[in-house]
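Each chain is listed here by its residues.
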Amino acid sequence: MAKSFLTMLLFLSVGTFSHANSLKVGLVLDKGGKDDKSFNSAAYQGAKKAEQDLKIDLKYVEATDTNAIENLHRAFARKNFDLIIGVGFAQQEAVKKVAAQFPKIKFAVIDSDVKAPNVRSLLFEEHEGSFLVGALAAMASKSNSVGFVGGMDIPLIRRFSMGYVAGAKYVNPKINITENYVGVTGEAWNNPAKAKELALAQIAKGSDVIFVAAGASNTGVFDAAEEKKKFAIGVDSNQNWIKPGVILTSMMKAVDVAVYDTIKETQAGKFTAGEIRYGLKNQGVNYTLDKHNEKLITADMKKKVEEIKKKIIAGQIQVPDYYKKK
């Protein structure tokens, strides 16, 4: 698709603004789209909440082609949006480049660190939350074997995996862990068939709990777990509701909160550039417990995982970080 046509589509989607003099926010979602029930959905929900609560003017686009991301950011900037938010690590270079070209416009990017005077980097301590769900996976496993299915094989997803493995081994040092990735390109985020194939293979080898961090591909793992009567663990958003009784818990990242707070602070004239980190200490990551999985996590499991959480926050447990590995 030509860049000019993409720009035209963006302008058509922008349309006219409904609130005179209100904050204009552009949201650039990645390939998974706003209905991925995961990372993009959380960002979209945070932005929609801001639209409702703060009366901002919100427009969003979905980057179906990674090569189009830069053009989408630039099109929002040329329309003089006040704040442009990029969702996902793949937007790092686009935000860096366009932010330099439009220094008066504010940008935010999720899961990437862009050092610029007009860019806020929203970063999460995924490894901490993954440690918790790894511990829960080991507690729930009856086969002494659990699995991990990642989306695109990149350092960010390796960070999830490393935390998960450490958490499982903290509870059961002898547990077996199988790890696979859907792919090495952006297509990995939206390939549930491949994710299901990997999950079924892990189950065939004995895994009875599988943590998946693969965007829209997650549903394939959920389907496999349901078919084989095993457990899956969701990610990014609270995905327990998707298959109650099948999803043991979800490793939730407060992407919606990060997006909402950034919009609110920008509107209030309190936007700051630089890193903002979300971890266990500020409830930026966590495991989820609700009506959909409360029967799956026993009182003893909850007590133990809460003790682990406190120890991580207190620094008594050092969670290994893929970004800092030697």
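Since the structure is predicted, the reported quantities are computational estimates derived from the model, not experimental observations.

## Remarks on the overall build of the protein
Argument step 1. Each helix and strand in the protein was counted, giving 10 helices and 12 strands.
Argument step 2. A globule of 326 residues ought to have a C-alpha radius of gyration of about 20 Å, and the protein, at 20 Å, matches this closely.
Argument step 3. Across its three principal axes, the protein shows a C-alpha extent of roughly 60 × 40 × 40 Å.
Argument step 4. Counting every position in the protein, which comprises 326 residues, the buried fraction comes to 54%.
Argument step 5. Residue pairs at least 24 apart in sequence account for 69% of intrachain contacts in the protein once pairs closer than 6 positions are excluded.
Argument step 6. As displayed, the protein has an accessible area near 14,500 Å², and 51% of this comes from carbon and sulfur atoms.
Argument step 7. Once the 46 positive and 35 negative side-chain charges of the protein are each reduced to a mean point, those two points are 2 Å apart.

## Here we look at the packing of helix α7 (residues 192–204) against helix α8 (residues 218–228)
Argument step 1. Two elements in contact, α7 and α8, have axes separated by 7 Å at closest approach and are oriented at 40°. Classified by the interaxial angle, the pair formed by α7 and α8 is oblique. Judged by the sense of rotation from one axis to the other, the crossing of α7 with α8 is right-handed. Mapping the contact onto sequence places Pro192, Ala195, Lys196, Ala199, Leu200 and Ile203 in α7 and Thr219, Gly220, Val221, Asp223, Ala224, Ala225, Glu227 and Lys228 in α8.
Argument step 2. The class makeup of the residues in the contact of α7 with α8 is 8 nonpolar, 2 polar and 4 charged.

## Notes on the packing of aromatic side chains
Argument step 1. The final tally for this structure, using the stated rule, is 10 aromatic pairs.
Argument step 2. Between the aromatic rings of Phe131 and Tyr170, the centroid separation amounts to 5.7 Å while the plane-to-plane angle is 55°, which identifies the pairing as tilted. A residue pair is termed long-range when its members are at least 10 positions apart, and Phe131 in helix α5 (residues 126–140) and Tyr170 in helix α6 (residues 155–171) qualify at 39 residues.
Argument step 3. The exposure class of Phe131 is buried, given its relative accessible area of 2%.

## Some words on the nonpolar core
Argument step 1. Ile85, Ile110, Ile157, Phe160, Phe211 and Ile263 are the most contacted members of the largest nonpolar core, which totals 83 residues.
Argument step 2. With 8 residues, α5 is the largest single contributor of residues to this core.
Argument step 3. With residues up to four places along the chain from it excluded, the contact list for Ile85 reads Val25, Gly26, Leu27, Val28, His73, Ala108, Ile110, Val259 and Ile263.
Argument step 4. By size, the runner-up hydrophobic cluster in this structure holds 18 residues, among which are Val61, Ala99, Ile105 and Phe107.

## Notes on the sheet that holds strand β12 (residues 285–287)
Argument step 1. Reading across the sheet, the 6 strands line up as β7-β6-β8-β9-β10-β12 and stay open at both edges, with mixed pairing between neighbours. In this open sheet, the two edge strands, each paired with only one partner strand, are β7 (176–183) and β12. Within this sheet the neighbouring strands show an average axis-to-axis angle of 15°, counted without direction.
Argument step 2. Sheet analysis places strand β8 (residues 209–213) next to strand β9 (residues 231–236), joined by 3 bridges and oriented parallel. Bridging from a neighbouring strand, Phe211 pairs with Ile233 of β9.
Argument step 3. Contacting β6 (145–152), β8, β9 and β10 (247–253), α8 runs over the sheet at an angle of about 160° to β9.

## Points about unusual backbone geometry
Argument step 1. One non-glycine residue with positive phi stands out, namely Lys55, at about 60°.
Argument step 2. Looking at where Lys55 falls in the secondary structure, it is placed in the loop between α2 (39–54) and β2 (57–62).
Argument step 3. Classification of Lys55 as partly exposed rests on a relative accessible area of 48%.
Argument step 4. A positive phi is found at Asp111, a non-glycine position, where the angle reads about 70°.
Argument step 5. One can find Asp111 in the loop between β4 (106–110) and β5 (119–124).

## Overview of the side chain of Glu126
Argument step 1. For Glu126, the position within the fold is in helix α5.
Argument step 2. For Glu126, the residues in contact, after removing those within four places along its chain, are Asp111, Leu156, Arg159, Phe160, Met251 and Lys253.

## Points about the pattern of salt bridges
Argument step 1. A full pass over the atoms with the stated rule returns 22 salt bridges.
Argument step 2. A salt bridge links Arg74 to Glu70; its shortest N-O distance comes to 2.7 Å. Taken as a pair, Arg74 and Glu70 lie in helix α3 (residues 69–78) at a separation of 4 residues, close to a single helical turn.
Argument step 3. Through salt bridges with shared partners, a single ionic network connects Asp111, Asp113, Lys115, Glu125, Glu126, Arg159, Lys253, Glu275, Arg277 and Asp321.

## A look at the packing of α2 against helix α9 (residues 255–267)
Argument step 1. Two elements in contact, α2 and α9, have axes whose closest approach is 7 Å; the angle formed by their N-to-C orientations is 35°. Viewed along their axes, α2 and α9 form a crossing whose handedness is right-handed. Contacts from Phe39, Ala42, Ala43, Gly46, Ala47, Lys49, Ala50, Asp53 and Leu54 of α2 reach α9 at Val255, Asp256, Val259, Tyr260, Ile263, Lys264 and Gln267.

## What about α5?
Argument step 1. The end-to-end C-alpha distance of α5 is 21 Å, a good match for the 21 Å that 15 residues give at a rise of 1.5 Å each.
Argument step 2. Counting buried positions along α5 yields 14 of 15 residues, so the element is predominantly enclosed.

Conventions we followed
Residues numbered from 1 in each chain as written. Predicted model: local features only at pLDDT ≥ 70, side-chain atom pairs only at ≥ 80, totals over all residues. Heavy atoms only, no water. Helix = DSSP H or I, 4+ residues; strand = E, 2+ residues; numbered from the N terminus. Rg over C-alpha atoms; globule rule 2.2 N^0.38 Å. Buried < 20%, exposed > 50% of the residue type's maximum accessible area, 1.4 Å probe, protein only. Contact = heavy atoms within 4.5 Å. Areas by Shrake-Rupley, 256 points an atom, 1.4 Å probe, with all protein chains shown as cover. Lys, Arg positive; Asp, Glu negative; His and termini not counted. Charge placed at Lys NZ, Arg CZ, Asp CG, Glu CD. Axes fitted to C-alpha atoms, helices over the stretch in contact; angles between N-to-C directions. Parallel < 35°, antiparallel > 145°, perpendicular 65-115°, else oblique. Left-handed = near helix turned anticlockwise from the far one by under 90°. Nonpolar A, V, L, I, M, F, W, Y, C, P; charged D, E, K, R; others polar. Phe/Tyr/Trp six-rings, centres within 6.5 Å; stacked < 30°, edge-to-face > 60°. Core = buried A, V, L, I, M, F, W, Y, C linked by side-chain atoms within 4.5 Å. Pairing = 2+ DSSP bridges. Salt bridge = Lys/Arg side-chain N within 4 Å of Asp/Glu carboxyl O. Expected span 1.5 Å × (residues − 1).

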